[in-house]
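# Report on the structure
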Amino acid sequence: MSHRKFEQPRHGNLGFLPRKRCRHVRGRIRAFPKDDEAQKPHLTAFMAYKAGMTLIVRDLERPGSKMHKKEICEPVTIVDCPEICVVGLVGYKPTVRGLRAVSTVWAHQLTEPLLRRYYRTWYAAKKKAFTKHTANYDANAAAREANLARIEKNATVLRVIAHTQPNKLKLGSKKAHVCEIQINGGSMADKLAFAKTLFEQKVSVDQVFQQNERCDVIAVSKGHGMEGVTHRWGVSRLPRKSHRGLRKVACIGAWHPSRVSYSVARAGQNGFHHRTEANKKIFKIGAEASKTDGKGNATTELDLTPKDITPMGGFCRYGIVNNQYLMLKGSIPGPSKRVITLRRPLGAQSSRLAREEVHLKFIDTSSKQGHGTFQTQTERAKFMGL
């Protein structure tokens, strides 16, 4: 860089190469929290859907900060969390090449959203998946118990097979998203007993996470298609009179070696990448809108009327949130309606920020389409004299 007057860091992070389209739309869990037999058996992950963003007002409780005991306004993401269904379990044992499955055990009754995942066109399919399994469930009881015994004897890791319920949302898709969720805590016998109690049961988000905890968010980011080098890598534009365009990289390498290095910024796919954001603070776990007895699931001390979390006019490109919801600090990857994988944090959460108590004073539910600041239709009608 003998021609440059000052040094500067390179544009873009090479740690995220290759910047290609993700092969799947669901965020995959590539590592689970470390198991601790001293704890009770519990699930370590959950699947939900991104609804949209809003803002909150709260008093900051952070001794030593200049904003201590003062009001702050923060952006939050609302994640719609319908219950997930547990339909099976699988045990793994360690080998020199990683984990290897010992055996898989399925529940008796499997729902239609799960079966749709096995077919490309459900209406034209013969719908034969798991029919023999369901019909011969009682006859195969001995083989099933033998598989459970093998898992208890040989496996060191136990994961349940769970799926979402897209029929509780308006996604435009009826296929469930399926993933394995690891059970941590207790011995293998305790894990198996816990997993069997979850068969064909609905698991809510408050059985996995608690308010004021942190979680990791795994998702596929919003896609932007083919992008130029300036937006994709953040390189500087060339001077205005540059020949053959200015949103380019001026020199892409020396004459020799006679090839372009992988580290040179180039145009290509931007977005739709698999990303993990660690340690997102859970500000609130809201109840279902139908189970609040008219008190609303987003009402705070500053509200004039009871209200739910859905803003006036609904969340843009999503609609109404009727299920339980999770309120996470800041933004998360992906557009609205994208399936989000929530995982318990990998590291110990012992910092002062992690243990901070959150008390919300106000949750904004005004229209996200820019039409006024009224929080509810009742408040608007009272002001307008309707």
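The preceding data block contains the structure.
These figures come from a predicted structure and were not determined experimentally. (Residues numbered from 1 in each chain as written. Predicted model: local features only at pLDDT ≥ 70, side-chain atom pairs only at ≥ 80, totals over all residues. Heavy atoms only, no water.)

Our next topic: the side chain of Lys50. Summarising the element assignment, Lys50 is placed in strand E2 (residues 45-59). This buried residue, Lys50, is left without a salt bridge; Glu277 holds the nearest opposite charge, at 8.4 Å. Only 2.6 Å separates the side chain of Lys50 from the backbone oxygen of Gly334, close enough to count as a polar contact. The contact partners of Lys50, leaving out residues within four places of it in the chain, are Thr77, Ile78, Tyr318, Ile332, Pro333, Gly334, Pro335, Ser336, Lys337, Arg338 and Ile340. (Helix = DSSP H or I, 4+ residues; strand = E, 2+ residues; numbered from the N terminus. Buried < 20%, exposed > 50% of the residue type's maximum accessible area, 1.4 Å probe, protein only. Lys, Arg positive; Asp, Glu negative; His and termini not counted. Salt bridge = Lys/Arg side-chain N within 4 Å of Asp/Glu carboxyl O. Polar contact = N/O pair within 3.5 Å; in protein donor to acceptor, adjacent residues only side chain to side chain. Contact = heavy atoms within 4.5 Å.)

For any pair of aromatic rings, the description consists of the separation of the ring centres together with the inter-plane angle of the planes. For the structure on display, the rule yields four aromatic pairs. For the pair Trp106 and Phe130, a centre-to-centre distance of 4.9 Å together with 65 degrees between the ring planes defines the contact as edge-to-face. Highlighted residues: Trp106 in strand E5 (residues 98-106) and Phe130 in the loop between helix H1 (112-116) and helix H2 (131-135), separated in sequence by 24 residues. According to the relative accessible area criterion, Trp106 is partly exposed, its value standing at 22%. (Phe/Tyr/Trp six-rings, centres within 6.5 Å; stacked < 30°, edge-to-face > 60°.)

Residue placement: Gln182 occurs in strand E7 (residues 178-184). Gln182 gets classed as buried once you look at its relative accessible area, which sits at 8%. At 3.2 Å, the side chain of Gln182 forms a polar contact with the side chain of Arg159. Gln182 has contacts with Phe32, Pro33, His42, Leu43, Thr44, Val157, Leu158 and Arg159, leaving out every residue within four places of it along the chain.

Our next topic: unusual backbone geometry. Following Leu17, the chain continues into Pro18 via a peptide bond in cis, with omega recorded as -10 degrees. Omega for the bond connecting His256 with Pro257 falls within 30 degrees of zero, at 0 degrees, which places this linkage in the cis form. Secondary-structure assignment places Pro257 in the loop between helix H5 (229-233) and strand E11 (268-269). Its identity as a non-glycine residue notwithstanding, Arg244 has a phi of 65 degrees, on the positive side. Inspection of the secondary structure assignment puts Arg244 in the loop between H5 and E11. Taking the relative accessible area as the measure of exposure, Arg244 reaches 70% and is therefore exposed. Despite not being glycine, Arg317 has its phi angle at roughly 60 degrees, a positive value.

Another point: the environment of Lys307. Looking at the secondary structure, you find Lys307 in the loop between strand E12 (274-286) and strand E13 (325-329). Between the alpha carbons of Lys307 and Val178 there is a distance of 33 Å; along the sequence they are 129 residues apart. Once residues lying within four places of it in the same chain are set aside, the contact partners of Lys307 are Lys295, Gly296, Asn297, Ala298, Thr299, Phe362, Ile363, Thr365, Gln375 and Thr376. In terms of polar contacts, Lys307 uses its side chain to reach the backbone carbonyl oxygen of Ile363, at 2.4 Å.

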